[in-house]
Amino acid sequence: MSQSNGLTRVASDCPAPTTQRFCAFLVAGRVFAVDAARVTEVLRGQLLTPVPQAHRALRGLLNLRGRIVPAIDMRLRLGFDAAAADASHTNIVVTVGGEYFSLMVDQLVDVIEIPVGAIEQPTADSDDPSRDSVAAVYAAASGLIYLLDVDQLVAGISDTEFERKMR
Amino acid sequence: MNENEEFVREFLVESAENLDQLDQDLVALEENPRDPKRLASIFRTVHTIKGTSGFFGFAKLGAITHSGEHLLGQLRDGTIELSDRVTGALLTLVDAVRSILETIEKTGSEGDADFRDLSQTLARVADEAVAERQDPRRGDIVVTRLNALPAEQQTVPQTVAQPQAMAPLPAAAATLLPTAQSALAESPVVEPEPTQPVVATAIAQPKASAPAVVEASIRVDVGLLGSLVDLVGELVLARNQLQSTVNSDRPDVLKRPDLLKVVQRIHAVTGGLQSAAMKTRMQPIDQVLSKFPRIVRDLAVTCGKEVQLLIDGADTELDRSLIETIRDPLTHLVRNAVDHGIEAPAVRTFKGKPPSGRLSLRAFHESGRVTIEIKDDGGGIPVEAVRAKAIARGLIGPEEARSLSDDQVLQFIFEPGFSTAAAVTDVSGRGVGMDVVKTNIEAIGGTVDIASQRDVGTTVRVRVPLTLAIIPALIVTCAGQRFAIPQAYVRELIALRAGSSVSVEGLAGAPVMRVRGRLTPLVFLDALLDLNMQSVGHHAEHGTVVIVRVDDYEFGLVVEGIASSGDIVVKPIAGLIVSLGFYAGATVMGDGAVVLILDPRGIAQKAMIPARPDQEHASDASTPAPDEQPRYLLCETVSGRQVALPLEDVSRLEIFSSAQCEQAAGRMVVHRDGRLTALADLDDMLEGVSEKRPALGFKASAAASLTAVIVAESLGDVGLRVKRIVEVIQSQSPLSSVLCAAGVLGTIAIGGRATEVIDVRSLIPGKPSLPGAPSLSRVSA
């Protein structure tokens, strides 16, 4: 019933929809996106409390109406240079295993509908440092959009500065 | 129709609670078979279920409870004696009732299960028990029945006088009516009584107890309660922000005293709301522990053991969400203790122990956490077998195994699947799923410790935090960042000054400090957390040392300074931050900023602090140190008198500037972390108590600052003004209560000089002023 590989894969666990909603944002000039269903809200700049000895991409904790939410600097997480100190950023709050995390991105682009059939596997020969969390890519008219695996984004920062130093 | 469903739901909820009580009552009854109160309570519960099931037309439930009631009636009347068989049959009844209720809850009907066997068993048990007693005693039955009935009738006159009782309780009346009638019909010796008064009795019984229950508690949806607590949390933050805006000395705000008044009121109300909301989350651990008598009894019977269960501290409160989380791990540990820990009676006798094993469950608050101790006097864990197993499984090499202490070896039982192999039984079987226990407890930030001695027994200590609880904490600063340290761990604070009497020494490269003659290791927080690049020792000339004690560790945490102290709301943090090992949680400060709560236990481990060599505390770290000698705070009153205050009555010491203090309603108060604390001069109070008049408050003095001893929270929000704090002492000399004046507990010898120990409790007038009592209003900004 379906011809392309991509369609078969998605159809098996998600029968009905032909498009999937993603929340797209800019990090270091590139467009990335996460599953919109995982996004709970988007916030402007927030006061951050640094967490000493945590992974350097874990920029700090923010107070989301009394809930403590760790903020992940997506530039550092995806292997880019840190943003200028005065650069503005946007927090995209996502849920991972019942906990909330905030993804600090340069700028929110839009919520986009991507046809599931057009989602492709990332190229294997990519030497991109952000590869570990890029689950798929989508070639939009405006350019390539990297689709990120939210769980992997968080899992990747569980080792700590302290451990690294002790090794 | 809907109404009926609602009644059924209520019946199910109530019965579920009653069944839990029944489990406990039956097990307790085994201990004391003739306890008439227990028997009456059991009888009442079964009777209620029977009656209500008749009303709703649950025939099976009615039939088995009827049989059970019959059996219980005989027990109550003394016709039969309680035996294992009777208890067993009754417990089976409880299980059957529970299963029917579950089916009703799921399907709305009783289901297809057949319980006629049970009814027959119950009847047979009753008959056999009667048969065991000789025939002549049968006469007793009639006599006791005769005695029982007049008592019921005695209540008639009072109850008839309250006919309005009938109106709200038609259900109870309808169901109890046939029972009352049948009870009469069954007793042929008794003269037929007019039915009406008896009905009144039946109605009046629920009426008598109903109002108290209805007013004392209502059922609230747990989800609703949770969102209430969340909303209150948000309100508190908004309140704090409002307050800091108002307090920012903006001229436009200062021109509006009415606004300040409103803010003050919102402040007070929010504080009260917060503490009330937080209390709704706390529940006694009894919710878990109360299930254990039944579990232990059943398990002991299955395993052929005799076990005596002791439960202590069932009223210890902790967050409801935690109660659910610890339920399974605790059950597992209790099962382990009975199944594998306690030996069979014959083995115990052979070892020279009493045949019946003891299992004690103890819950208590300790260092801001809840500790649950599961202790058995069984065979203990054979350490050598564990060691061999660890080697066999390749977890450690043979040499390494020899170098490990027994305690370290015991930790292997927490390894996943450590004892799922055949060797389980060899290794006493402990450890089945111990890794799961540990994982579950650690997931909520708790710890599991195990100690075991061959043939003496095993003690497992589960420590869980009071997540979401409000704890007093010290807010310290280090490299410009704030951190919170739970006060429960803080022993004392020492300021480092150039040329001060305390000094930092180096001992084999590790900095230590001499605190009252004892070398205390130091941890520089900035170095530990890599907060700046400056060399260790940077603070040697200034800064503050927070002496922290946790478990067997005592060390000095060097920070830049103390920002404030006060109650903080502990918020959970992401698992990946907890696993760093430095932080126990986080809190949100008044300005909305997040502050990390340090975990002294983790810090001690990260900084590789050696456990304290002395055994004073190490021997039994979790016992609330009764062995320790009492400690006193020695201080000098304004008039120059030297007095001692029991340290347990002291919450903290603070210095206030006179600007912080205000005169309100003839009393001196001070704003402290968002609450009002009444200040009183210790001299005045001592004078006042001897003249039998309360002396809260005092005339403002010209001094720029004043030192106050804040009394323990349980005594109220009161600060005692003193001239200066001398020191904290531990007194070896006994308290002598000869010749003591009012407000004085007695005297102790300090440095050869008799010093009065103040009875702080007696000084605080009856009901201490609450923060934000209406009579107190803000006078100045």
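Residues numbered from 1 in each chain as written. Chains lettered and ligands numbered in written order. Predicted model: local features only at pLDDT ≥ 70, side-chain atom pairs only at ≥ 80, totals over all residues. Heavy atoms only, no water.

Side note on the side chain of Arg 549 of chain B
Residue and element names in this part refer to chain B.
- Take Arg 549: it is sitting in strand β14 (residues 543–550).
- A relative accessible area of 9% means that Arg 549 is categorised as buried.
- Within the structure, the side chain of Arg 549 is placed 2.8 Å from the side chain of Glu 554, a separation counted as a polar contact. (Helix = DSSP H or I, 4+ residues; strand = E, 2+ residues; numbered from the N terminus. Buried < 20%, exposed > 50% of the residue type's maximum accessible area, 1.4 Å probe, protein only. Polar contact = N/O pair within 3.5 Å; in protein donor to acceptor, adjacent residues only side chain to side chain.)

So, the pattern of salt bridges
Residues and elements named next belong to chain B.
- Under the counting rule described, the total for this entry stands at 27 salt bridges over all chains.
- Notably, a salt bridge pairs Arg 294 with Asp 23, separated by 2.6 Å at the nearest N-O pair. Within this pair, whereas Arg 294 is found in helix α14 (residues 292–303), its partner Asp 23 is found in helix α1 (residues 2–31), the two being separated by 271 residues in sequence.
- Overall, Arg 294 belongs to the buried group, its relative accessible area being 8%.
- Under the relative-accessibility criterion, Asp 23 is labelled buried at 8%.
- Where Glu 343 meets Lys 353, a salt bridge forms, and the shortest distance between an N and an O atom there is 2.9 Å. (Salt bridge = Lys/Arg side-chain N within 4 Å of Asp/Glu carboxyl O.)

Digging into the packing of aromatic side chains
All names here are of chain A.
- Inspection of the entire model under this criterion finds three aromatic pairs over all chains.
- With a centroid separation of 6.2 Å and 70° between ring planes, the pair formed by Phe 32 and Phe 80 is classed as edge-to-face. Highlighted residues: Phe 32 in strand β2 (residues 30–35) and Phe 80 in the loop between α2 (74–77) and β6 (90–96), separated in sequence by 48 residues.
- On the basis of relative accessible area, Phe 80 is assigned to the buried category, the value being 16%.
- Ring centres 5.3 Å apart and planes at 35° place the aromatic pair Phe 32 and Tyr 146 in the tilted group. Here Phe 32, found in strand β2, pairs with Tyr 146, found in strand β11 (residues 143–148); they are 114 residues apart in sequence, far enough to count as distant. (Phe/Tyr/Trp six-rings, centres within 6.5 Å; stacked < 30°, edge-to-face > 60°.)

A short note on the sheet that holds strand β5 (residues 67–73) of chain A
Residues and elements named next belong to chain A.
- Spatially, five strands are ordered β3-β6-β7-β5-β4 in an open sheet, and the strand pairing comes out mixed. Whereas interior strands pair on both sides, the edge strands pair on one side only; in this sheet they are β3 (39–43) and β4 (58–64). Each strand of the sheet is rotated relative to its neighbour by a mean of 30°, with strand direction disregarded.
- Pairing of β5 with strand β7 (residues 99–105) involves three bridges; the strand directions are parallel. (Pairing = 2+ DSSP bridges. Axes fitted to C-alpha atoms, helices over the stretch in contact; angles between N-to-C directions.)

Points about the pairing of strand β9 (residues 481–486) of chain B
All names here are of chain B.
- Among the six residues in β9, five count as buried, and that is most of the element.
- Sheet topology note: the β9/strand β18 (residues 594–598) ladder contains two bridges and is parallel. Pairing of Ala 484 across the sheet is with Ile 597, part of β18.

Points about a nonpolar patch on the surface
Residues and elements named next belong to chain B.
- A grouping of Ile 218, Val 220 and Leu 224 is seen on the molecular surface, where their side chains present a nonpolar patch of about 310 Å² in accessible area.
- Here Val 220 shows up in the loop between α9 (195–216) and α10 (222–246).
- Since its relative accessible area comes to 38%, Val 220 is described here as partly exposed. (Patch = residues over 30% accessible without salt bridge, like charges linked within 9 Å, V, L, I, M, F, W, Y side chains within 5 Å. Areas by Shrake-Rupley, 256 points an atom, 1.4 Å probe, with all protein chains shown as cover.)

Describing the interface of chain A and chain B
- Between chain A and chain B, the contact holds 24 residues from the first and 27 residues from the second.
- Both faces combined, the contact of chain A with chain B buries some 2000 Å², and carbon together with sulfur accounts for 69% of it.
- Taken together, the connections running from chain A to chain B amount to zero salt bridges.
- Counting the contacts that link chain A with chain B gives five residue pairs in polar contact (both at pLDDT 80 or more).
- Looking at the side of chain A that touches chain B, the elements that each hand over two or more residues are β4, β5, β7 and α4 (161–166) of chain A.
- A per-element tally of the side of chain A that touches chain B places β4 of chain A first, with four residues.
- Taken together, the residues of the side of chain A that touches chain B sort by class into 15 nonpolar, six polar and three charged. (Contact = heavy atoms within 4.5 Å. Buried area = accessible area lost by both parts, 1.4 Å probe. Nonpolar A, V, L, I, M, F, W, Y, C, P; charged D, E, K, R; others polar.)

Overview of the confidence of the model for chain B
All names here are of chain B.
- Per-chain confidence: chain B averages 73 in pLDDT, with 73% of residues scoring 70 or above.
- Looking over chain B, one finds the lowest element-wise mean pLDDT in helix α25 (residues 615–618), namely 38, and the highest in β18, namely 94.
- Scored below 50 in pLDDT, residues 420–431 shows 28 contacts in the model against residues more than four places distant or in partner chains. (pLDDT = per-residue confidence, 0-100.)

As for the sheet that holds strand β19 (residues 631–636) of chain B
Residue and element names in this part refer to chain B.
- In space, the five strands of this open sheet follow the order β27-β19-β20-β29-β28, with mixed pairing throughout. Lying at the two open borders of the sheet, with one neighbouring strand each, are β27 (724–730) and β28 (744–750). Taken over all neighbouring pairs, the strand axes of this sheet differ in orientation by 35° on average, direction set aside.

Here's the deal with the pairing of β11 of chain A
All names here are of chain A.
- As paired elements, β2 and β11 share three bridges and run parallel to each other. If you follow Ala 33 over to β11, its bridge partner there is Leu 147.
- As paired strands, strand β10 (residues 134–140) and β11 are joined by six bridges and run antiparallel to one another. Among the inter-strand pairings, Val 134 is bridged to a residue of β11, identified as Leu 148.
- In this antiparallel pair of consecutive strands, β10 and β11, the connection spans two residues.

With respect to the environment of Asp 149 of chain A
Residues and elements named next belong to chain A.
- Within the secondary structure, Asp 149 sits in the loop between β11 and α3 (150–155).
- Residue class for Asp 149 comes out partly exposed when judged on its relative accessible area of 30%.
- Residues Asp 149 and Ser 133, spaced 16 residues apart in sequence, show a C-alpha to C-alpha distance of 5.4 Å.

Considering helix α12 (residues 257–281) of chain B
- The end-to-end C-alpha distance of α12 of chain B, which contains 25 residues, comes to 37 Å, matching closely the 36 Å that a straight helix rising 1.5 Å per residue would cover.
- Buried within α12 of chain B we find Leu 260, Val 263, Gln 264, His 267, Ala 268, Thr 270, Gln 274, Ala 277, Met 278 and Arg 281 of chain B. (Expected span 1.5 Å × (residues − 1).)

Digging into the confidence of the model for chain A
- Looking at chain A, pLDDT values average 81 and 80% of them are 70 or higher.
- In the predicted structure, residues 1–12 of chain A sits below a pLDDT of 50 and forms eight contacts with residues beyond four places in sequence or in another chain.

Focus on helix α2 (residues 36–56) of chain B
- Under the 1.5 Å per step criterion, the end-to-end length of α2 of chain B is 30 Å for 21 residues, consistent within 8% with the ideal 30 Å.
- Just downstream of α2 of chain B, Gly 57 of chain B is the residue with a positive phi angle, here 75°.

Description of the nonpolar core
- Ranked by size, the top nonpolar core spans 65 residues in total, and within it Met 74 of chain A together with Phe 555, Leu 557 and Tyr 583 of chain B carry the most contacts.
- In terms of residue count, the dominant contributor to this core is strand β15 (residues 553–559) of chain B (four residues).
- Not counting residues within four places of it along the chain, the set of residues in contact with Phe 555 of chain B comprises Thr 520, Pro 521, Val 523, Val 546, Ile 547, Val 548, Val 550, Pro 600, Ile 603, Ala 604 and Ile 609 of chain B.
- If you look at the next biggest cluster of nonpolar residues, it comprises 47 residues, including Ile 323, Ile 372, Ile 381 and Val 462 of chain B. (Core = buried A, V, L, I, M, F, W, Y, C linked by side-chain atoms within 4.5 Å.)

Details of the packing of helix α4 (residues 84–107) of chain B against α14 of chain B
Residues and elements named next belong to chain B.
- At a minimum axis distance of 13 Å, the contact between α4 and α14 shows a crossing angle of 125°. Put simply, α4 runs oblique to α14. The chirality of how α4 crosses α14 is left-handed. When α4 is examined against α14, the residues Asp 84, Thr 87, Gly 88, Leu 91, Val 94, Asp 95 and Arg 98 are found in contact with a partner set consisting of Arg 294, Arg 297 and Asp 298.
- Residue classes in the contact of α4 with α14 are distributed as two nonpolar, two polar and six charged. (Parallel < 35°, antiparallel > 145°, perpendicular 65-115°, else oblique. Left-handed = near helix turned anticlockwise from the far one by under 90°.)

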